[in-house]
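# Structural description and commentary
Here are the chains, one letter per residue:
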Number of protein chains: 2
Amino acid sequence: MKVAKFGGTSAASGEQIKKIKSIITSDPDRKIIVVSAPGKRFEADSKVTDLLIALGNAAFANEPVDEWMEKISNRFFAISEELQIPKSVVEEIEQTIKEILSSNLPEHMKMDALKAVGEDSSAKLISAYLEISGFQAKYVNPKDAGIIVSNEPGKAKILPESLPLLADLREEDGIIVIPGFFGYTKNGQLMTFPRGGSDITGSIVAAGVKADLYENFTDVNSVYTVNPTIVQNPKEIRSLTYREMRELSYAGFSVFHDEALIPAFEEKIPVCIKNTGNPKAPGTMIVADKKPQEKCVVGIASDTGFASLYISKYLMNREVGFGRRLLQILEEEDVSFEHAPSGIDEMSVIIRETQLTPNKEETLIRRIKSELSPDMISIDHNFAMIMVVGEGMKNTIGIANKAAAALSEANVNIEMINQGSSEVSMMFGIKADKLHQAIQSLYRTYFG
Amino acid sequence: MKVAKFGGTSAASGEQIKKIKSIITSDPDRKIIVVSAPGKRFEADSKVTDLLIALGNAAFANEPVDEWMEKISNRFFAISEELQIPKSVVEEIEQTIKEILSSNLPEHMKMDALKAVGEDSSAKLISAYLEISGFQAKYVNPKDAGIIVSNEPGKAKILPESLPLLADLREEDGIIVIPGFFGYTKNGQLMTFPRGGSDITGSIVAAGVKADLYENFTDVNSVYTVNPTIVQNPKEIRSLTYREMRELSYAGFSVFHDEALIPAFEEKIPVCIKNTGNPKAPGTMIVADKKPQEKCVVGIASDTGFASLYISKYLMNREVGFGRRLLQILEEEDVSFEHAPSGIDEMSVIIRETQLTPNKEETLIRRIKSELSPDMISIDHNFAMIMVVGEGMKNTIGIANKAAAALSEANVNIEMINQGSSEVSMMFGIKADKLHQAIQSLYRTYFG
């Protein structure tokens with residue numbers, strides 16, 4: 001049995017939904033579908049969920065909601081026309097919105113219910129479309145599916161009691177269509193998920209039914225070995241482990257949010273990234289483990305926008321707790337860091353530049369000078385971080401050598417190496433202006 | 001003007017002291033001498049300071065002191081006989097000890113005064129010997145020299161007010177002989193230094209008189225490029241910076257205690273390590289800076305006996321303060337660490353194994369599991385750390401490559417690389433059983 005989740009772009013229009021139908025019905029194992037609200041059809045378009053939020057804000061500010069209601073209705077109307085679904089479905093959506101607004105729920109709960117209308121309506125539309133196309137399909141509300149969440153508005157988590165309830169979905173005949181993004185507390189209160197909402201639903205449903213495969217349909221063919229803006233037409237990654245995916249996500253490779261994968265991860269459900277626009281392409285598999293002979297460098301992630309805070313103090317390593325006190329200052333100043341390599345009398349902290357406003361830099365330097373009395377302190381900007389990722393790296397002789405040689409060949413000075421802390425990656429810091437030649441050289445070395 | 005300090009081995013016997021005289025008088029610039037108490041003449045010998053401490057302990061326990069007094073007298077008697085110095089000098093020493101014991105100072109101050117007798121007597125003997133050999137020489141007590149220290153028994157520090165007072169020593173004619181290891185508080189109370197005592201005196205005197213050179217006479221020819229027990233007859237280091245010396249000391253290269261150098265370091269006095277037994281050998285210079293073209297790998301330090309504490313937790317880098325809390329646990333458990341490389345979901349802490357008793361390991365693991373809930377935690381033993389040291393390393397393209405290639409050639413797996421935190425070194429972690437082939441390969445690469 002396969003669980004397939006379709007993101008906002010895939011549900012944005014009738015034309016896209018026709019592809020969804022085609023994908024689902026081409027494989028009888030695709031029994032359970034999780035869908036997002038209609039997303040953008042083109043760059044300047046609006047996501048339906050954003051329109052719903054705007055409607056809610058207008059209502060709570062006692063401003064007219066007609067403009068927003070019209071935009072929302074038009075989106076669903078366009079979809080239903082293209083798919084030749086009865087108009088009544090759209091009228092039901094308008095009715096639902098009105099009922100929410102006029103209910104006596106507190107504002108934050110009204111907003112949550114409004115936000116959920118996008119996914120919920122999407123699921124109803126798609127289910128209706130499958131039915132009128134001649135397939136046995138039914139919409140299942142998350143409450144009936146068994147998606148029970150904690151009572152934490154804005155950061156609801158799936159509760160373990162969902163799993164046995166979800167398992168019952170296996171027994172259903174026909175195609176099940178479930179809206180993503182929301183669940184219900186034990187008291188029956190609707191609660192939306194935080195970021196990556198539909199991914200979380202898809203993942204928990206796949207885990208609950210112990211699916212053979214969880215397919216995440218998005219708008220890219222695969223996860224690539226390197227950033228396609230740095231190397232043209234790079235090789236695609238056919239398969240990677242959860243750990244490798246996590247390391248590559250670090251630098252923006254993510255096609256979904258990491259936390260969303262946890263339920264699938266814990267039940268060891270394989271995940272496949274696929275492209276709605278090109279469903280026959282094999283996509284990228286994400287699996288729990290790899291066989292030893294498959295272990296090698298799987299991809300290279302990179303990102304710019306890092307700064308390095310450098311401190312030196314003669315006899316630093318004789319001061320017990322020096323490193324911890326430095327980290328404490330950063331924590332109190334709400335500055336998170338990527339990595340803090342320390343030497344004997346020196347320490348660096350790698351920080352994302354977005355956190356270092358001129359004010360914050362000044363505060364950090366002032367506090368560090370005052371509380372730690374360093375001999376020297378400086379903040380260097382414009383670093384890039386490169387992650388060379390792959391299972392089995394830790395025990396492969398010569399692997400650091402290969403990477404260092406590639407960088408040396410490209411005439412790139414290595415400012416920082418962090419290898420050994422992770423079992424599946426090595427981190428290199430270089431000056432950001434050298435990033436492209438560094439990545440190109442590494443790509444040639446590992447994938448050329 | 002040169003300041004020369006002679007350590008315990010150099011002052012251990014008449015024969016050794018003759019070498020001191022020969023060294024001093026062969027260079028008219030050697031105007032100020034700092035000396036230690038007589039040390040060991042052979043492996044099983046006693047240091048005179050240890051004999052004085054034993055005498056003090058016996059006295060305070062109301063046990064007879066005659067045995068210890070006899071041993072101490074015999075040492076000084078043997079020296080005075082060989083150097084043909086009048087016996088009265090030795091009788092003075094016995095008298096001084098008796099006066100200290102019978103004084104009404106509190107016990108800890110008596111002990112301090114006893115400990116200082118070794119250096120003080122050594123300086124008096126050597127000064128007397130220079131005089132009867134026909135040279136203009138005089139003993140100068142640290143109080144008269146101007147060595148003022150803080151009132152912190154056991155960890156006295158030189159106070160800045162010493163420097164102008166010491167400057168007056170430049171005006172003196174003839175050779176000045178100053179005992180190392182102790183100074184006086186502003187109130188005139190005698191106070192011994194902590195570890196490295198005579199080195200501290202030598203360094204502050206060199207700084208105070210703004211010496212052109214501070215010569216540290218010991219029992220090795222130089223600092224070597226690698227551990228001579230791993231590579232036979234390794235090249236000697238002719239010159240290194242203070243920073244390079246500090247990094248190499250990390251792994252036991254130290255011929256003196258690092259803190260002792262601080263006064264010389266701050267006044268940028270060059271230091272030279274020389275061998276009393278081979279004074280014509282050039283020794284090793286320690287300087288404030290190097291010219292850029294001189295910058296290259298200067299030495300390779302190494303040490304075994306490290307363990308690696310490894311922790312992994314999915315989404316670790318989303319938990320603000322995780323790293324800081326780990327360091328806090330270590331600090332509270334009184335465990336200091338060398339280095340804490342962190343990845344995205346993983347962290348390692350490199351710790352000297354001597355700190356990890358089975359009890360301590362168990363406590364750390366228990367606390368970390370309980371307070372940080374990692375997915376995985378393990379402690380691996382038998383690591384060795386290698387430091388490749390040299391100014392200018394940070395900006396030299398290909399330097400990590402060279403080291404990694406050398407290790408790869410020797411078939412050594414690199415468990416950890418820490419490069420970039422220090423401007424003058426790179427740190428590699430490997431399994432301890434591979435250390436010798438690793439160092440030999442690195443030696444060939446950099447010095448072969």
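Residues numbered from 1 in each chain as written. Chains lettered and ligands numbered in written order. Predicted model: local features only at pLDDT ≥ 70, side-chain atom pairs only at ≥ 80, totals over all residues. Heavy atoms only, no water.

## Things to note about the sheet that holds strand β14 (residues 416-419) of chain B
- Taken in spatial order, the 10 strands of this open sheet run β12(A)-β11(A)-β13(A)-β15(A)-β14(A)-β14(B)-β15(B)-β13(B)-β11(B)-β12(B), and their pairing is antiparallel. Two strands in the sheet have a free side with no partner beyond their single neighbour: β12 (346-352) of chain A together with β12 (346-352) of chain B. Strand-to-strand twist of the sheet, defined as the mean angle between neighbouring strand axes without regard to direction, takes the value 30°.
- When strand β11 (residues 299-312) of chain B meets β12 of chain B, the two strands line up antiparallel, connected through seven bridges. When the sheet's bridge partners are listed, Ser312 of chain B is paired in β12 of chain B with Glu346 of chain B.
- Relative to the sheet, helix α9 (residues 242-249) of chain A contacts β11 (299-312), β13 (376-389) and β15 (425-431) of chain A together with β11 and β12 of chain B, its axis offset from that of β13 of chain A by approximately 140°. (Pairing = 2+ DSSP bridges. Helix = DSSP H or I, 4+ residues; strand = E, 2+ residues; numbered from the N terminus. Axes fitted to C-alpha atoms, helices over the stretch in contact; angles between N-to-C directions. Contact = heavy atoms within 4.5 Å.)

## As for the interface of chain B and chain A
- Tallying the contact residues gives 60 residues for chain B and 60 residues for chain A.
- Summing both partners gives a buried area of about 5100 Å² for chain B against chain A, and 50% of it is carried by carbon and sulfur.
- Applying the counting rule to chain B against chain A returns four salt bridges.
- Linking Arg324 of chain A and Glu331 of chain B is a salt bridge whose minimum nitrogen-to-oxygen distance equals 2.7 Å.
- For the interface between chain B and chain A, the tally reads 16 residue pairs in polar contact (both at pLDDT 80 or more).
- Of all the secondary structure elements, the ones that give two or more residues to the side of chain B that touches chain A are α9 (242-249), α10 (262-266), α11 (322-332), β12, α13 (399-409) and β14 of chain B.
- Classifying every residue of the side of chain B that touches chain A gives 25 nonpolar, 20 polar and 15 charged.
- Bridge analysis of strand β14 (residues 416-419) of chain A against β14 of chain B gives three bridges, and the strand direction is antiparallel. Looking at the pairing, Ile417 of chain A lines up with Gln419 of chain B of β14 of chain B. (Buried area = accessible area lost by both parts, 1.4 Å probe. Salt bridge = Lys/Arg side-chain N within 4 Å of Asp/Glu carboxyl O. Polar contact = N/O pair within 3.5 Å; in protein donor to acceptor, adjacent residues only side chain to side chain. Nonpolar A, V, L, I, M, F, W, Y, C, P; charged D, E, K, R; others polar.)

## Examining the domain arrangement of chain A
Residues and elements named next belong to chain A.
- Along its sequence, chain A is organised into domain 1 (2-287) and domain 2 (299-447).
- The gap between the C-alpha centroids of domain 1 and domain 2 is 37 Å.
- Listed by partner, the interface residues are 18 residues for domain 1 and 22 residues for domain 2.
- For the pair domain 1 and domain 2, the summed buried area comes to about 1800 Å², and 61% of that belongs to carbon and sulfur atoms.
- Broken down residue by residue, the surface that domain 1 buries against domain 2 is led by Ile230, Glu247 and Tyr250, which jointly contribute 38%.
- Joining domain 1 to domain 2, the criterion identifies two salt bridges.
- Across the pair Glu423 and Arg243 runs a salt bridge whose closest N-O atoms are separated by 3.5 Å.
- Per-element accounting of the side of domain 1 that touches domain 2 gives the leading share, four residues, to α9.
- For the side of domain 1 that touches domain 2, a count of residues per class yields nine nonpolar, five polar and four charged. (Domains from an automatic or database assignment.)

## Some thoughts on the state of the cysteines
- Using the criterion set out here, one finds zero disulfides over all chains in the structure.
- Cysteine Cys272 of chain A remains unbridged, with the sulfur of Cys296 of chain A as its closest cysteine sulfur at 18 Å. (Disulfide = S-S within 2.5 Å.)

## Some thoughts on the UniProt feature "binding site: ATP" (unreviewed entry) in chain A
Residues and elements named next belong to chain A.
- Taking the UniProt record as the reference, the feature "binding site: ATP" (unreviewed entry) is found at Lys5, Phe6, Gly7, Gly8, Thr218, Asp219 and Tyr224.
- By secondary structure assignment, the location of Lys5 is in strand β1 (residues 2-6).
- Relative accessible area serves as the criterion here: at 7%, Lys5 is assigned to the buried category.
- Relative to the helices and strands, Thr218 resides in strand β7 (residues 213-218).
- For Thr218, a relative accessible area of 15% translates into the label buried. (UniProt positions renumbered as here; feature names shortened; annotations may be inferred. Buried < 20%, exposed > 50% of the residue type's maximum accessible area, 1.4 Å probe, protein only.)

## A look at helix α8 (residues 197-208) of chain B
Residue and element names in this part refer to chain B.
- A rise of 1.5 Å per residue sets the reference length of α8, with its 12 residues, at 16 Å; its end C-alpha atoms lie 17 Å apart and thus fit the reference within 8%.
- Taken across its 12 residues, α8 has 12 buried, putting it largely inside the fold.
- Within the sequence span of α8, burial applies to Gly197, Ser198, Asp199, Ile200, Thr201, Gly202, Ser203, Ile204, Val205, Ala206, Ala207 and Gly208.
- Remark: Lys210 follows α8 within two positions and exhibits a positive phi of approximately 50°. (Expected span 1.5 Å × (residues − 1).)

## Things to note about the packing of aromatic side chains
- Summed over the entire model, instances satisfying the criterion amount to 10 aromatic pairs over all chains.
- Judged by centre distance (5.5 Å) and plane angle (40°), the rings of Tyr443 of chain B and Phe447 of chain B are tilted. Of the two residues, Tyr443 of chain B and Phe447 of chain B are both situated in helix α14 (residues 435-447); the distance of four residues between them amounts to about one turn of the helix. Here Tyr443 of chain B matches Phe447 of chain B in class, with each residue buried.
- Among the aromatic residues, those joined into a ring-pair cluster are Tyr242 and Phe265 of chain A together with Tyr314 of chain B.
- Taking the ring centre of Phe383 of chain A as reference, the NZ or CZ of Lys431 of chain A above it sits at 4.5 Å. (Phe/Tyr/Trp six-rings, centres within 6.5 Å; stacked < 30°, edge-to-face > 60°. Lys NZ or Arg CZ within 6 Å of the ring centre and 35° of its normal.)

## A word on unusual backbone geometry
- Its identity is not glycine, yet Gln84 of chain A carries a phi of approximately 55°, on the positive side.
- Even without being a glycine, Ser373 of chain B presents a positive backbone phi close to 45°.
- On the secondary structure map, Ser373 of chain B appears in the loop between α12 (358-372) and β13 (376-389).
- The exposure class assigned to Ser373 of chain B is partly exposed, which follows from its relative accessible area of 43%.

## A closer look at the relation of the copies chain B and chain A
- Overlaying chain B on chain A yields an RMSD of 0.1 Å, the required transformation being a rotation through 179° with an accompanying axial translation of 0.0 Å. On the angle and the small slide along the axis, the relation comes out as a two-fold axis.
- Most of the interface of chain B is mirrored in chain A, where 100% of its interface residues are also at the interface. (Least-squares fit on C-alpha atoms with pLDDT ≥ 70 in both.)

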